[in-house]
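One letter stands for each residue in the lines below.
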Amino acid sequence: MKEESIKKEIKTDKIEEAYGIAKEAYAALGVSTDKAIRESLALPLSIHCWQGDDVTGFEGADALSGGGILATGNYPGRARNGDELRADAEFAFTLIPGKKRFNLHSFYAEPAAGKKVSRDKLEPEHFSKWMSWSKKKKIPLDFNPSYFSHPMADSGYTLASADPRVRKFWLDHSKACRRIASAFGENQGSPAMHDIWIPDGSKDYPADRMGPRERLKDALDEILSVSLPKGTITDAVESKLFGIGSESYVTGSYDFYMGYAAQRQIKLCLDMGHFHPTEFIADKISAVLLFVPGILFHFSRGLRWDSDHVTTFSDDLRDACREIKRAGAFDRIDLALDYFDASINRIAAWTIGARNLRKALLEALLEPTRLLVDAEKRGKNHERLALMEECKTLPFPAVWDKLCLTARVPVSIRWLPAVKEYEQKVLSRRK
Ligand code: RNT
Ligand code: ZN
């Protein structure tokens, strides 16, 4: 691609003209494009901080370790501290349309200079920089306890460990993290999402599958029984199919957490990279929503053994967004990104994934769902199929461009030169 062609201005009146035509095409199917743009922009996307530094954290580690997850690649310029991470995120936010939240892990704590705080002793004050930033920028925060990249996780077990010392450490960490999430909620005047994902599992066939699950269930009961100020925290539990080094058995499996979330009436986290590649994740939404209060969606992309590639505008993503829309469930589903690619410019990684998610939400909101359902009700499934096929070639790009224009973010691929400039001026200076 030639630089010049990327940089060339797209004239606003051309975008408006194309939008005018698209608007009519959608109106003919009973869909308001203005309304879809408004609704899409109002949906908050929780952007994961950890793409900005390859899940390294601020505890002095060189890289992510353990937990069955990997951030591969060594593209220059990763953020090395809170100030850099916040600056990078702020810059990425200027390229991503619509409402945003920011999602932290516990190891992004910033204790006073030179001080180290053990994860079981973390306090809200260690996140005071994050909280004041959040307030100033009006970006609400979400939170995750971190059960990996830590010597206490070396056995491959944390909350489900049979070693009382290990289990106690992670229980204390979990309780500390819920207090921190609740302090975020207090600070921002709305609940912070608090998501529990543990890596616990076994490389080879375990003899005892039940024991760790019993211990995990008890641990979760203990953690969640601590009551915190109402309206400050939303709890979710995240399942996984397998990880590197936990190929044979994962304690926190889908069945485990589905049962747990339903029984305890907490949110269930569905990470798109945590299922068998042939599973149709979009189908789970309407099933799960009948039994749990809500879903935390981790938008990601599974690829072979990896669960964390940058989210693309794939059928999987589009199907998931469509299903949320068809179920009328935007108020019960929290939308979050979760991937980490250290082999490409990290700001571009954030931007590509977040723009794709916003794009897929817009596309879903533009679907003439009522017509589809009506055809189905009348038993005219050929009409339903015809409409579904027609939707694929409606003038959607013109509406997307208009959305970007409305949100004052670069249209089309015009965000790339900004990333290049930031890389030259800021990222490339980080050695
Ligand atoms: C890992 C889970 C989890 C992590 C983050 C870093 O497989 O998806 O959500 O990606 O917590
Ligand atoms: Zn996840």
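Quick notes on the rules
The residue numbers shown here count from 1 along each chain, following its written sequence. For this description, chains carry letters from A and ligands carry numbers from 1, given in the order in which they are written. Note on the predicted model: pLDDT of at least 70 is required for a residue's local features to be given, and 80 or more for side-chain atom pairs to be given and counted; whole-chain, interface and lining totals, by contrast, use all residues. Calculated side-chain values reflect all of the structure's heavy atoms, with hydrogen atoms and water omitted. In this description, a donor is an N, O or S atom within 2.8 Å of the metal centre, a cutoff extended to 3.2 Å for sodium, potassium and calcium. Water is not part of the atom list, which can make sites seem incomplete. Under the DSSP-based scheme used, a helix requires at least four consecutive residues in state H or I and a strand at least two consecutive residues in state E, with every element numbered from the N terminus. Residue burial is assigned from relative accessible area. The probe radius is 1.4 Å, only protein chains are included, and a residue is buried under 20% of its type maximum, exposed over 50%, and partly exposed in between. Classification of ring pairs uses Phe, Tyr and Trp, with its six-membered ring standing for Trp, and accepts pairs whose centres are within 6.5 Å; under 30 degrees between planes counts as stacked, over 60 as edge-to-face, and the remaining range as tilted. Charges are assigned to positions over rings by a cutoff of 6 Å between ring centre and Lys NZ or Arg CZ, combined with an angular limit of 35 degrees from the ring normal. Should any heavy atoms of two residues lie within 4.5 Å, those residues are considered in contact.

Visitor: What's the story with the coordination of the zinc ion (ligand 2) in this structure? I'm lost.
Guide: Coordination angles at a metal have ideal targets, namely 109.5 degrees for four tetrahedral donors and 90 or 180 degrees for six octahedral donors. For the zinc ion (ligand 2), the protein coordination sphere consists of Glu238 (OE), Asp271 (OD), His298 (ND1) and Asp338 (OD), at 2.1 Å. For the zinc ion (ligand 2), the donor residues sit on a single chain with the sequence spacing E-x32-D-x26-H-x39-D. Within this pair, whereas Asp271 is found in strand β8 (residues 267–271), its partner His298 is found in strand β9 (residues 295–299), the two being separated by 27 residues in sequence. Taken as a pair, Asp271 and His298 share a single burial class, namely buried.

Visitor: Explain the packing of aromatic side chains to me, please; I cannot follow it from the model alone.
Guide: The relative placement of two aromatic rings is captured by the distance of their centres and the angle of their planes. Across all of its chains, the model carries 21 aromatic pairs by this definition. Relative to Phe184, the ring of Phe127 lies with its centre 5.8 Å away and its plane at 75°, an arrangement referred to as edge-to-face. Of the two residues, Phe127 sits in the loop between β2 (100–105) and α5 (128–137) while Phe184 sits in helix α6 (residues 164–188), which places them 57 residues apart along the sequence. Under the relative-accessibility criterion, Phe127 is labelled buried at 0%. What makes Phe184 buried here is its relative accessible area of 0%. On the numbers, 4.7 Å between centres and 25° between planes, the contact of Phe297 with Phe299 is stacked. The exposure class of Phe297 is buried, given its relative accessible area of 0%. Over the ring of Tyr254 we find Lys284, and its NZ or CZ is 4.8 Å from the ring centre. One cation-aromatic arrangement involves Lys359 over Phe313; the distance from NZ or CZ to the ring centre is 5.5 Å.

Visitor: Can you help me understand helix α14 (residues 396–406) in this one?
Guide: The α-helix winds at 3.6 residues per turn, so residues separated by three or four positions along the chain end up facing the same way. A large share of α14 lies buried, amounting to eight of its 11 residues. Buried residues of α14: Phe396, Ala398, Val399, Trp400, Asp401, Lys402, Leu403 and Cys404, and no others. On the buried face of α14, the contacting elements are α2 (12–27), α3 (33–42) and α11 (346–365). Of the residues flanking the end of α14, it is Arg408, one or two places downstream, whose phi is positive at about 55°.

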